[in-house]
Amino acid sequence: MPVESGNSAAARQVKQKRKSHSLSIRRTNSTEQDRTGMQRDMLEGQDSKLPMALRSNLLDLFGQIEREFENLYIENLELRREIESLNERLSGEGQTVEGGDLSKGALKTKASHSTSQLSQKLKTTYKASTSKRSNSFPGKVGGPRNFNVGNWELWGGDSWIVSSFKATTSRAVCQLVKEYVGHRDGIWDLAVTRVQPLVLGTASADHCSMLWSIETGKCLLKYAGHAGSVNSIKFHPTEQMALTASGDQTAHIWRYMVQLPLPQPPADISASLDDDVDFSDKDEADGDADGPNECPTIRVATTTLKSHQGVVIAADWLVGGKQVVTASWDRAANLYDVETSELVHTLTGHDQELTHCCTHPTQRLVVTSSRDTTFRLWDFRDPSIHSVNVFQGHTDTVTSAVFTVGDNVVSGSDDRTVKVWDLKNMRSPIATIRTDSAVNRISVSANQRIIALPHDNRQVRLFDMNGVRLARLPRSNRQGHRRMVCCSAWNEENQACNLFTCGFDRQAIGWNINIPALLQEK
């Protein structure tokens, strides 16, 4: 009885694999064993200081990675075939999707009933099957992965999701206006001044905070008084003062004076509004190349607040600007008097490190967030009573909780949800937004009450207070964030640039959100 050789057996397995997927994949080498043997021979002939056992182990690991990507490629092709089959089936039922041919450039879809029907069918069909492969990639270090099948984008978090059709229609109302590049490390936080002149402030892990001209994107002032990462920046409600929190266990209050440069004509960004294609290998913002523009530097704080025993992760002004609150990794939040810099109150109760703090715009209320999956509301309206209410509902770290104009609090978490709460009813949220990635420091527009969600997966999404998704900010190889988005901030005083985001790609971005058109699409 003839015995089948190893090479022919491997070739037969490859052939069966091709047949099971109804695909034709051309390989450069005949078999896996031949290829591995050739590569090992090449390694033996090369001069290297690595031991042969280690080199062979590395070769095996890279072989596993190659096979995993091959399997993903095969599965993506199969999904594409199924998508085309669904398109043909819907066409036979009289439901057509304009631009639905995957072989012709970019998808150009309309937010119609048939489009949403197709999107829902695709999500339902493939969510279960593709989620089995989401965590099988060897050497995964966290964060989502995404693969492109034609013009379809599949996200690899806990499950893969077919990209929404609405992203295409929202590009007309969400446009990138300006990039603010100059920090030498990731940007944790940003805010817009509350008094004239309106400038943008950023807080970075490079130990510096910078003030930028919104119109020109030039650095106007740099504060370099901290000895650690600057984790937060907030501006005084009526004076030209900034409050920054740092990893050096202090919070600083410093005064600034800036002169705005002459505005420049807006650049033509229509050419960069192309398809939403992801290039994860794109280099980071090259802030090291040119460095920040020459601008004055402040190195000494007006007031230093120091009583924490850990990293000060956030700080904010209470209404009126006479007191500030700080949140720290020592599990406490401190209330200080600005004029005397004395500690007024220490707010304790959280079981783990604090992650954020926020004050109400018109009332003496403070909300603190923590890694213990809760956030707490502190009431200072009565000087003799400092009541606390605990909000429970998240299953992971609460990354931020912010007030809205009214009686609502919006919280974001690493559990990939955002919840809207009524201060009069703390038992359960009135709305829940479920996303595909962890949510960082959120912001809510004061006038239109639109929530901007910055994600770990480099996306920024907009929702209303009822949890209805309005848009996703465009992101491609030429625009948008290339790393985790850390924070968002609205600026409704400037119509041309009314939303800002920052991330660990060392840049802040100013966006123009056409809110009337956005709400009309809703």
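This one's a predicted model, so the numbers in the text were calculated from it and none came from an experiment. (Residues numbered from 1 in each chain as written. Predicted model: local features only at pLDDT ≥ 70, side-chain atom pairs only at ≥ 80, totals over all residues. Heavy atoms only, no water.)

### Notes on the overall build of the protein
Secondary structure summary: the protein contains seven helices and 31 strands in total. Buried positions account for 50% of the 522 residues belonging to the protein. For the protein, the accessible area works out to roughly 25,000 Å², and carbon and sulfur atoms hold 49% of it. (Helix = DSSP H or I, 4+ residues; strand = E, 2+ residues; numbered from the N terminus. Buried < 20%, exposed > 50% of the residue type's maximum accessible area, 1.4 Å probe, protein only. Areas by Shrake-Rupley, 256 points an atom, 1.4 Å probe, with all protein chains shown as cover.)

### Overview of the confidence of the model for the protein
Per-residue confidence for the protein gives a mean pLDDT of 78; residues scoring 70 or more make up 69%. Scored below 50 in pLDDT, residues 1-7 shows six contacts in the model against residues more than four places distant or in partner chains. Residue range residues 14-31 is modelled with pLDDT below 50. Its contacts to residues more than four positions away, or to other chains, number 19 contacts. (pLDDT = per-residue confidence, 0-100. Contact = heavy atoms within 4.5 Å.)

### Some words on the sheet that holds strand 20 (residues 385-392)
An order of 17-18-19-20 is seen for the four strands of this open sheet, with the pairing classed as antiparallel. A single partner strand is all that each edge strand has here, and the edge strands are strand 17 (354-359) and strand 20. Strand-to-strand, the axes of this sheet are offset by a mean angle of 20 degrees, without reference to chain direction. Sheet analysis places strand 18 (residues 365-370) next to strand 19 (residues 374-382), joined by five bridges and oriented antiparallel. Note on strand 19: the bridge partner recorded for Ser 369 is Phe 375. (Pairing = 2+ DSSP bridges. Axes fitted to C-alpha atoms, helices over the stretch in contact; angles between N-to-C directions.)

### Examining the UniProt feature "repeat: WD" (unreviewed entry) in the protein
Mapped onto the present numbering, the UniProt feature "repeat: WD" (unreviewed entry) falls on residues 223-254, 305-346, 347-388 and 391-431. The distance from the first to the last C-alpha atom of residues 223-254 is 8 Å, and the span holds 0% helix and 53% strand. (UniProt positions renumbered as here; feature names shortened; annotations may be inferred.)

### Side note on the nonpolar core
Ranked by internal contacts, the top residues of the largest apolar core, which has 25 residues, are Phe 375, Phe 403, Val 410, Ile 451 and Leu 453. Among the secondary structure elements, those contributing two or more residues to this core are strand 18, strand 19, strand 21 (398-403), strand 22 (408-413), strand 23 (417-422), strand 24 (431-434) and strand 26 (450-454). At four residues, strand 21 tops the list of elements feeding residues into this core. The residues touching Phe 403, leaving out its near neighbours within four places in the chain, are Cys 358, Thr 359, His 360, Pro 361, Leu 365, Val 366, Val 367, Leu 377, Asn 408, Val 409 and Leu 423. Within the second largest apolar cluster, 19 residues are counted, among which are Val 173, Cys 174, Ile 509 and Ile 515. (Core = buried A, V, L, I, M, F, W, Y, C linked by side-chain atoms within 4.5 Å.)

### Considerations on the sheet that holds strand 3 (residues 174-181)
The four strands are arranged 3-31-30-29 in an open sheet whose pairing can be described as antiparallel. With partners counted over all chains shown, the strands left at the sheet margins are strand 3 and strand 29 (485-490), one partner each. Averaged over neighbouring strand pairs, the angle between their axes works out to 25 degrees when direction is ignored. With five bridges connecting them, strand 29 and strand 30 (residues 499-503) associate as antiparallel partners. Across the sheet, the residue bridging to Val 485 is Gly 503, located in strand 30.

### Looking at unusual backbone geometry
With omega at -5 degrees, the peptide bond leading from Gln 196 into Pro 197 counts as cis. Along the chain, Pro 197 turns up in the loop between strand 4 (187-192) and strand 5 (199-204). Positive phi values are uncommon outside glycine, yet Arg 331 reaches one of about 75 degrees. With respect to the helices and strands, Arg 331 occurs in the loop between strand 14 (323-328) and strand 15 (333-337). Residue classification places Arg 331 among the partly exposed residues on the basis of a relative accessible area of 43%. In the Ramachandran plot, Ser 341 falls in the positive-phi region, its phi being about 60 degrees despite a non-glycine side chain.

### Thoughts on the side chain of Ser 411
Among the secondary structure elements, Ser 411 is positioned in strand 22. The class for Ser 411 is buried, based on a relative accessible area of 0%. Within polar-contact distance, the side chain of Ser 411 engages the side chain of Trp 421 at 2.9 Å. Residues contacting Ser 411, with those up to four places away along its chain left out, are Phe 375, His 394, Val 398, Ser 400, Ala 401, Thr 417, Val 418, Lys 419, Trp 421 and Ile 442. (Polar contact = N/O pair within 3.5 Å; in protein donor to acceptor, adjacent residues only side chain to side chain.)

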